[in-house]
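Structure assessment
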Amino acid sequence: MVIRKASDLRYSDVTPKATYLSRRRFLAAALAAPLAARAGTKLTGIVKSPFSTTETPTPYDAVTGYNNYYEFGTGKDEPVKLAKDYHTSPWTVSLEGEVAKPKTLDLDAVMKLAPLEERIYRHRCVEGWSFVIPWVGFPLSALLKQAEPTSKAKYVAFQSFYDPKQMLSSRQAHIQFPYVEGLRLDEAMHPLTLLSVGVYGEVLPPQNGAPFRLTLPWKYGFKSIKSIVKIRFVEKQPPTTWNLEWPEAYGFYANVNPAVDHPTHSQATEVRLGVGRFGQKIKTQLFNGYGEVASLYSIMDLHKNY
Amino acid sequence: MKKFWLSRWTKVLLFALCLAPFLNLLWRGYQNKLTANPIEFITHYTGDWTIRFLLITLAITPLRGILNQPQLIRFRRMLGLFAFFYVCLHFATWIWLDKDFDAHEMWADIIKRRFITAGMTGLLLMSPLAVTSTAGWVRRLGYRKWQMLHRLIYLSAIAGVVHYYWGVKSDIRLPVMYGSILALLLLYRLQK
């Protein structure tokens, strides 16, 4: 109806009080949900972990200002700028597929699953640079166990949050969205595999994959999927975004391996950023130096299964 | 308008403008504003300016015709040499900051990575043009031979765009944009 004069309104047009109030509550909740609003919040009760490296962490500005998060632009400096007002409705993650107890957890429930640990991990990007990042999180297995995967579950598939209204389209970013990743079940359950909920003692900033993401220190960084909304246990190896984009360059396993080249560059060395004026060139180690995962791949040809 | 093009100060102004991206880079270096990955930043910055100057150089001939300003030819050599200047910076970044003067590593890259093969090709094609850019060389070679040699810039620019396209991770927007502009500039010459 078009309201031309006050007398055009009838009493029956008045919004019922209950609806009026519930709309206000809905808006308040929606506006209260910007992930950026949580940014900077300190996390408490963090314990140190024996899995941490003794190497010096990369400066905070680099870790939170140099990111590959193509949903917010393909330039490394774009996510920190464009993800600032990134907001979602209250966050949930679903556990589904070959499980005895499929469920959906909200952010509060996830944060309470296990004691928070500080894990200072090396982070090696497939592009040839690396960071040392002081993550805060807990083993992914604590989350996965909640759903009680059955014997049919051989792989775990992950999916990122995607909102075309706030993010680039697949055409603009040149990779398929929503971003998907996958792990073999034993990789997902490994003690090193971290569900990161924070970095540098604070809640994860949006550009680092808020509110939580994977951290797989022995694999190239693109495996560490950000902003997880769906976890599905499956029988067959699931599709992964970068493998779909360029299969010769990006494999399913993506284990850090100096002996296996990328089509555009050797992986034998990397530039450790944040050290010196131009970074420091160092030799890349197999599994990024996390030899404790070697047993997962002892019978595999790592050149074929890259 | 003719007086403006003929004035020596116009060339000085143009020289300053062409040098500005380099001075900006030095300034950023001094201010530590080279991002968390300075080698990647400098490589992309100098590469972008190389292709831009190549395209600006190639635009002179069409602009002379379209704007009816034949005097623009006076600036073409300077613009071409600046393209060579920026490609030298781009190449120096690679051999020094990236490869640490490791000749074995460099050779391996040139033969194994097709985008580097394309880049080296572009650089090698541009080099004789920089060397023979003087009036002395035009005399030595004779104008016709000199003109034919300098047509190598078309191949060099194509090699540059291909180098860019094959080198990016997934976002092909910039190489495709530069390639499209190059295609238009080359088409102008074909239909002339």
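Residues numbered from 1 in each chain as written. Chains lettered and ligands numbered in written order. Predicted model: local features only at pLDDT ≥ 70, side-chain atom pairs only at ≥ 80, totals over all residues.

Right, let's talk about the overall build of chain B for a bit. The helix and strand inventory of chain B stands at 10 helices and zero strands. What you see in chain B, going N to C, is helices and strands ordered as α-α-α-α-α-α-α-α-α-α. A compact globule built from 192 residues would reach a C-alpha radius of gyration of about 16 Å, and chain B, at 18 Å, matches this within 12%. The principal-axis extent of the C-alpha atoms belonging to chain B is close to 45 × 35 × 35 Å. Looking at the 192 residues of chain B, the share that counts as buried comes to 24%. Within chain B, contacts between residues separated by at least 24 positions form 65% of all contacts whose residues are at least 6 apart in sequence. (Helix = DSSP H or I, 4+ residues; strand = E, 2+ residues; numbered from the N terminus. Rg over C-alpha atoms; globule rule 2.2 N^0.38 Å. Buried ≥ 20, exposed ≤ 12 C-beta atoms within 10 Å, placed from the backbone. Contact = placed C-beta atoms within 7 Å.)

When helices and strands are counted, chain A shows nine helices and 13 strands. Across the 306 residues that make up chain A, the buried fraction comes to 39%. Counted over contacts in chain A with a minimum sequence separation of 6, partners at least 24 positions apart contribute 71%.

The biggest cluster of nonpolar side chains holds 91 residues, and the ones touching the most others in it are Val156(A), Phe158(A), Leu195(A) and Ala83(B). Top contributing element to this core by residue count: helix α3 (residues 38–66) of chain B, with nine residues. With near-sequence residues (within four places) excluded, Ala83(B) lies in contact with Thr50(B), Phe53(B), Leu54(B) and Thr57(B). (Core = buried A, V, L, I, M, F, W, Y, C linked by C-beta atoms within 7 Å.)

A word on unusual backbone geometry. Residue and element names in this part refer to chain A. Following phenylalanine 177, the chain continues into proline 178 via a peptide bond in cis, with omega recorded as -5 degrees. With respect to the helices and strands, the residue proline 178 is situated in the loop between α7 (170–173) and β7 (180–184). With an omega dihedral of -5 degrees, the bond running from alanine 210 to proline 211 counts as a cis peptide bond. Inspection of the secondary structure assignment puts proline 211 in the loop between β9 (202–203) and β10 (213–215).

Time to look at helix α2 (residues 8–30) of chain B. Working note: α-helix, 3.6 residues per turn, so residues spaced by three or four point in the same direction. Residues and elements named next belong to chain B. Over its 23 residues, α2 extends 32 Å from the first C-alpha to the last, a length consistent with the 33 Å expected when each residue adds 1.5 Å. Of all the bends in α2, the greatest reaches close to 40 degrees and is centred on alanine 20; the proline proline 21 follows between one and four positions later. Little of α2 sits inside the fold, with one of its 23 residues counted as buried. (Expected span 1.5 Å × (residues − 1). Bend = angle between axes of the 7 residues up to and from the residue.)

Bringing the packing of α3(B) against helix α4 (residues 76–98) of chain B into the picture now. All names here are of chain B. Closest axis-to-axis distance for the α3/α4 pair is 8 Å, and the angle between their directions is 160 degrees. In this view, α3 runs roughly antiparallel relative to α4, as classed from their interaxial angle. α4 is crossed by α3, and the crossing has left-handed handedness. For the contact of α3 with α4, the per-class residue count stands at 15 nonpolar, eight polar and two charged. (Axes fitted to C-alpha atoms, helices over the stretch in contact; angles between N-to-C directions. Parallel < 35°, antiparallel > 145°, perpendicular 65-115°, else oblique. Left-handed = near helix turned anticlockwise from the far one by under 90°. Nonpolar A, V, L, I, M, F, W, Y, C, P; charged D, E, K, R; others polar.)

A few words now on the interface of chain B and chain A. Facing the 14 residues of chain B at the interface are 20 residues of chain A. In the side of chain B that touches chain A, the residues fall into six nonpolar, four polar and four charged.

It is worth spelling out the confidence of the model for chain A at this point. Averaged over all residues, the pLDDT of chain A equals 91, while 87% of them reach at least 70. Contacts for the low-pLDDT stretch residues 28–33 of chain A, under 50 throughout, to residues beyond four places or in other chains number six contacts. (pLDDT = per-residue confidence, 0-100.)

Residues and elements named next belong to chain A. With respect to topology, five strands assemble into an open sheet ordered β3-β2-β11-β6-β7, the strand pairing being mixed. At either margin of the open sheet sits one strand with a lone partner, and together these are β3 (103–106) and β7. Across this sheet, the average inter-strand angle for adjacent strands is 15 degrees, counted without regard to direction. One ladder, built from six bridges, connects strand β6 (residues 155–160) with strand β11 (residues 228–234); its direction is antiparallel. From the neighbouring strand, tyrosine 155 faces β11, where its bridge partner is valine 234. (Pairing = 2+ DSSP bridges.)

Below, the discussion takes up the packing of α3(B) against helix α9 (residues 152–167) of chain B. Residues and elements named next belong to chain B. Interhelical geometry of α3 versus α9 gives an angle of 145 degrees and a closest axis separation of 11 Å. Read as a crossing pair, α3 and α9 show a hand that is left-handed. Contact with α3, carried on its side by Gly47, Thr50, Ile51, Leu54 and Leu58, involves Ile153, Ala157, Gly160, Val161 and Tyr164 of α9 and no other residues of that element. Of the residues assigned to the contact of α3 with α9, the class counts are seven nonpolar, three polar and no charged.

Here α3(B) is 29 residues long and its end C-alpha atoms lie 41 Å apart, about the 42 Å a rise of 1.5 Å per residue gives. The largest bend in α3(B) comes to about 35 degrees, at Ile60(B), with the proline Pro62(B) one to four residues further on.

Attention now goes to the environment of Pro102(A). All names here are of chain A. Secondary-structure assignment places proline 102 in the loop between β2 (92–97) and β3. Its 14 C-beta neighbours within 10 Å are what place proline 102 among the partly exposed residues. Residues proline 102 and threonine 56, spaced 46 residues apart in sequence, show a C-alpha to C-alpha distance of 40 Å. Non-local contacts of proline 102, meaning those with residues more than four positions away in its chain, are made with Leu95, Glu96 and Ala147.

All names here are of chain A. Relative to the helices and strands, aspartate 85 is located in the loop between α4 (78–82) and β2. On the neighbour-count criterion, aspartate 85 (11 C-beta atoms within 10 Å) is exposed. Sequence spacing of aspartate 85 and threonine 193 is 108 residues, and the spatial spacing of their C-alpha atoms is 29 Å.

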